[in-house]
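An overview of the molecular structure
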There are 2 protein chains.
Amino acid sequence: MDRLIEAIENTQNPSVVGLDPTEALVPPQVVASFADEVRDSVETPEELPAAQLAVAYFEFNRTIIDAVADIVPAVKPQIAMYEALGPAGVDVYTMTCEYAAQQGLYVLGDVKRGDIGSTAAAYAHHLSGVGTGAGVDAATGDDAADNGESVVFDPWHEDAVTVNPYLGTDGITPFVEAATAADKDIFVLVRTSNPSSSELQMLDLADGTKVYEHVADLVEGWGAETRGRHGYSRVGAVVGATHPEEGRALRARMPHTFFLVPGYGAQGGTVQDVAGMFDERGGGAIVNSSRGIIGAWRKSGKYDASMSADDALDLVAESARQAALDMRDALRVAVYR
Amino acid sequence: MDRLIEAIENTQNPSVVGLDPTEALVPPQVVASFADEVRDSVETPEELPAAQLAVAYFEFNRTIIDAVADIVPAVKPQIAMYEALGPAGVDVYTMTCEYAAQQGLYVLGDVKRGDIGSTAAAYAHHLSGVGTGAGVDAATGDDAADNGESVVFDPWHEDAVTVNPYLGTDGITPFVEAATAADKDIFVLVRTSNPSSSELQMLDLADGTKVYEHVADLVEGWGAETRGRHGYSRVGAVVGATHPEEGRALRARMPHTFFLVPGYGAQGGTVQDVAGMFDERGGGAIVNSSRGIIGAWRKSGKYDASMSADDALDLVAESARQAALDMRDALRVAVYR
């Protein structure tokens, strides 16, 4: 987690910009401007809208990244938004990750993968890349994380991914091993920000704890061997901004676990809500905002449907940068006490 | 779930072939035979091994599909194996799904997706496809499953997907809505087949039940409004063959929930282990085997490294078909009592 922590220190900004485009978040003239460009790239007319939107997402993301790269430490593309467009969207997801990494940003891939051990090892190639033997251990014939093998191709360009804990340790270990070998990180879902999250996560266990607390203890253990220079392990936790009390308790319960905090802004979480998820030095957490930043142009009062695509992208950039600065400044006041 | 149930009845075979290729499961001369074909398709030499393997996976899958299409009702590609190769692998995943569907097979996409509500709605496009408006509700600006909207492009070609329950109801509802609109299904992880699955799923709750039983009750409820002609809902459950006692109890606890049973064969589950997961008419479940079928050529005793690629694929086909027939016959004896 050291690379992320140092990027936060360099920018004095514990926030991450969620790159979660939807058609409604991209100015329509930007989408329209790619109509000619994609026409020859598809095999059937039905593919056109998705292909056009995918190209527009990349241009939109590049605009946002350029606007915030010097003031934020990280971006978090949500792969669901790209998978919604099919493989063309997945391509744009990886292009977005690559472009963000080239601009010096830490790239947190919000993929929420999770499976049984042998399959988790395949997913762990998100972090380890594809080796000369395509990531397969030739000696055993087993799929395995490429520990110690020189990586020649990294198709995903992620510095970290989010992972689901429902499968238990053998679904997590391959990710931890791949992260360790590649100097990357993972974030495990502990207490998510959505309303229904309590149905499972808040269940009372017979031993007096709750399910999410049990998961928290597992997460702290999964990271134990991977602590870095700043005291935090490579195994972070996802803790929603919408649960400030539990977040504060988890901060104490998981002293070596870095938090990714979604749910700020559009989902209702406030600066006060997230303050307790930071440690006493103002570290230990990073707060995500997606719509609040990438959709800020819609609330700017300056948008006009007759704008050119270039002018609309300029407005997207200007509005996103201002929203990112506002969030940074609000967090600085609340967190760096 | 009616389409799957009727496909099982037509073949008298409650089994599904897992299309989970790894480099070790594809004869090396098949991979080698694509060296020239992919050379011009990549931008950098580092991409070559992954691109070559991806093409080989498709040829391998097509061979398996052709060999079993008349004797099995369904295939289950595991997307992790394809994501391990990056976007080129994801392309081959969708091509595999499309080819299998064209051969009349029910395609169960093992993607284990799961996220908060608005993001789950984006993932639900795996089932709903991309509408003219690219799947976005233009009225509200919200991403939403395309209920009632005519689908013009289905990039994923899946008839069902697997989903993780850790996020609760609002992470599931978008999938149920998309499945209902498109006459498709989902399978929610309840009791997975892997050794560590007990860490979370078997925890004792304060009310005397276990976590997986609580999830089972949620799953039965999530499907309640979607029951089909055969009494089963569109919301199935994943119940590992390695837990026969719990599987038998779940069968009684979830009378309207169809089971996808992984863990047969290579993971240790036997015909006797899975028998209790079927209902009294021999319905209600489908058993997956991956390596036992697609890797059967390795145990045939007929493989020779000097074989041509075509001969190796013939052996793959012949061995897979025989293994699928053996599994079908074993299940028929145990299940159709």
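Chain A goes by Orotidine 5'-phosphate decarboxylase in an unreviewed UniProt entry, where it is assigned to Bifidobacterium myosotis. Of the comments in the UniProt record for chain A, the one headed Pathway (unreviewed entry) reads "Pyrimidine metabolism; UMP biosynthesis via de novo pathway; UMP from orotate: step 2/2." Note on chain A: under the UniProt heading Catalytic activity (unreviewed entry), the record states "orotidine 5'-phosphate + H(+) = UMP + CO2".

Contact residues are listed per partner, giving 75 residues for chain A and 75 residues for chain B. Buried surface at the junction of chain A and chain B, both sides included, amounts to about 5900 Å², of which 62% is carbon and sulfur. The tally of links between chain A and chain B comes to four salt bridges. Where A:Lys112 meets B:Asp115, a salt bridge forms, and the shortest distance between an N and an O atom there is 2.9 Å. Joining chain A to chain B, the criterion identifies 31 residue pairs in polar contact (both at pLDDT 80 or more). Per-element tally for the side of chain A that touches chain B: the top contributor is helix H11 (residues 211-222) of chain A, with six residues.

According to UniProt, the "active site" (unreviewed entry) feature falls on A:Lys112. Structurally, A:Lys112 is set in strand E3 (residues 106-113). When near neighbours in sequence (up to four residues on either side) are disregarded, A:Lys112 contacts A:Gln78, A:Thr162, A:Val163, A:Asn164, A:Leu189, B:Lys112, B:Gly114 and B:Asp115.

Let us now look at the pairing of strand E7 (residues 185-191) of chain B. All names here are of chain B. Across the seven residues that make up E7, a large majority, seven, are buried. Taken together, the four bridges between strand E6 (residues 160-163) and E7 define a ladder with parallel strand orientation. Within E7, the residue paired with Val161 across the bridge is Ile186. In the sheet, E7 pairs with strand E8 (residues 235-239) via five bridges, with the strands oriented parallel. Residue Phe187 lies in a different strand from E8, and its bridge partner there is Gly236.

Next up on the list: the sheet that holds strand E1 (residues 15-19) of chain A. Residue and element names in this part refer to chain A. Overall, parallel pairing links the eight strands, which are arranged E1-E2-E3-E8-E9-E10-E11-E12 in a closed barrel. Direction aside, the axes of adjacent strands within the sheet are offset by 30° on average. Those strands touched by helix H1 (residues 2-11) are strand E2 (74-77), E3, strand E9 (185-191) and strand E12 (285-289), and its axis lies near 75° from that of E12.

Moving on, we come to helix H4 (residues 48-68) of chain B. Across its 21 residues, H4(B) extends 30 Å between first and last C-alpha, which sits within 8% of the 30 Å expected from 1.5 Å per residue. Burial analysis of H4(B) places 16 of its 21 residues in the buried class, the great majority of the element.

Residue and element names in this part refer to chain A. Here E2 shows two buried faces, one formed by Ala74 and Lys76 and the other by Val75 and Pro77. Bridge count between E1 and E2: four bridges; the pairing is parallel. What sits directly across from Gly18, in E2, is Lys76. In this sheet, E3 lies alongside E2 in parallel orientation, the contact comprising two bridges. Each residue of the ladder has a partner; that of Ala74, found in E3, is Tyr106.

Taken as rigid bodies, chain A and chain B are interconverted by a rotation of 180° and an axial shift of 0.0 Å, the fit giving an RMSD of 0.0 Å. Taken together, the turn and the small shift mark the pair as related by a two-fold rotation axis.

In this section: the packing of aromatic side chains. All names here are of chain A. Under the definition given, this model contains twelve aromatic pairs over all chains. Pairing Trp297 with Tyr303 gives two aromatic rings, centres 5.0 Å apart and planes at 65°, and the pair type is edge-to-face. Residue class for Tyr303 comes out partly exposed when judged on its relative accessible area of 28%. Grouping aromatic residues by their ring pairs yields a cluster made of Tyr57, Tyr82, Tyr93 and Trp156. A cation over an aromatic ring shows up here: Arg251 above the ring of Phe259, its NZ or CZ 4.1 Å from the ring centre.

Moving on: the side chain of A:Gln29. All names here are of chain A. Positionally, Gln29 belongs in helix H2 (residues 28-32). A relative accessible area of 13% means that Gln29 is categorised as buried. Within the structure, the side chain of Gln29 is placed 2.8 Å from the side chain of Tyr303, a separation counted as a polar contact. When neighbours within four sequence positions are excluded, Gln29 is seen to be in contact with Tyr303, Asp304, Ala305, Met307, Ser308, Ala309 and Ala312.

Moving on: unusual backbone geometry. Residues and elements named next belong to chain A. At Gln12, a position not held by glycine, the phi torsion is positive, near 50°. With respect to the helices, strands and loops of the structure, Gln12 is situated in the loop between H1 and E1. With a relative accessible area of 37%, Gln12 lands in the partly exposed category.

For the coordinates displayed, the defined rule picks out 46 salt bridges over all chains. For B:Arg3, the salt bridge goes to B:Asp159, with nearest N and O atoms at 3.0 Å. Of this pair, B:Arg3 sits in helix H1 (residues 2-11) while B:Asp159 sits in the loop between strand E5 (151-153) and E6, placing them 156 residues apart in sequence. Between B:Arg39 and B:Asp36 there is a salt bridge whose closest N-O contact spans 3.0 Å. Within this pair, B:Arg39 and its partner B:Asp36 are both found in helix H3 (residues 35-39), separated by three residues, close to a single helical turn. Residues joined in a network through salt bridges with shared partners are A:Arg3, A:Asp159, A:Asp183, A:Asp185 and A:Arg234.

On to the environment of B:His243, then. All names here are of chain B. Within the element layout of this structure, His243 appears in the loop between E8 and helix H12 (244-253). Considering only alpha carbons, one finds His243 and Ser193, 50 residues apart in sequence, at a separation of 7.1 Å. With sequence-adjacent residues up to four places away left out, His243 is seen in contact with Arg191, Thr192, Ser193, Asn194, Ser197 and Met277. Looking at His243, its side chain comes within polar contact range of the main-chain oxygen of Thr192, at 2.7 Å.

Basis of the calculations
Counting starts from 1 at the beginning of each chain's written sequence and moves along it residue by residue. Just so you know, chain letters begin at A and ligand numbers begin at 1, following the order they were written in. Predicted model: local features are reported for residues with pLDDT of at least 70 only, side-chain atom pairs are reported and counted for 80 or more only, and whole-chain, interface and lining totals are derived from all residues. Calculation of side-chain values draws on the structure's entire complement of heavy atoms; hydrogens and water are dropped beforehand. UniProt positions are given in the numbering used here, feature names are shortened, and annotations may be inferred rather than shown by experiment. Whether two residues touch is decided by their heavy atoms; if any such pair falls within 4.5 Å, the residues are in contact. By convention, the term buried area covers the 1.4 Å-probe accessible surface removed from two parts as they join, with the contributions of both added. For this analysis, a salt bridge means a side-chain nitrogen from Lys or Arg found within 4 Å of a carboxyl oxygen belonging to Asp or Glu. Pairs of N or O atoms are called polar contacts if they sit within 3.5 Å, as long as, within protein, a hydrogen donor faces a hydrogen acceptor (for residues adjacent in sequence, only side-chain-to-side-chain pairs). Elements are defined by DSSP. Helices are runs of H or I of four residues or more, strands are runs of E of two residues or more, and each kind is numbered from the N terminus. Burial here depends on accessible area, computed with a 1.4 Å probe over protein chains only, as a share of the maximum for the residue type. Under 20% is buried, over 50% is exposed, and the range in between is partly exposed. Criterion used throughout: strands pair if DSSP finds at least two bridges between them. Only C-alpha atoms enter the line fits that serve as axes; for helices the fit covers just the stretch in contact. Angles between N-to-C directions range over 0 to 180 degrees. In this scheme, a helix's expected span is set at 1.5 Å multiplied by one less than its residue total. A residue counts toward the fit only if its pLDDT is at least 70 in both copies, and the copies are then superposed by least squares on the C-alpha atoms of those residues. Side-chain rings of Phe, Tyr and Trp (the six-membered ring for Trp) are treated as a pair once their centres are within 6.5 Å; stacked means planes under 30 degrees apart, edge-to-face means over 60, and tilted covers the remaining angles. As a reminder, the over-ring test applies to NZ of lysine and CZ of arginine, requiring each to be within 6 Å of the ring centre and within 35 degrees of the ring normal.

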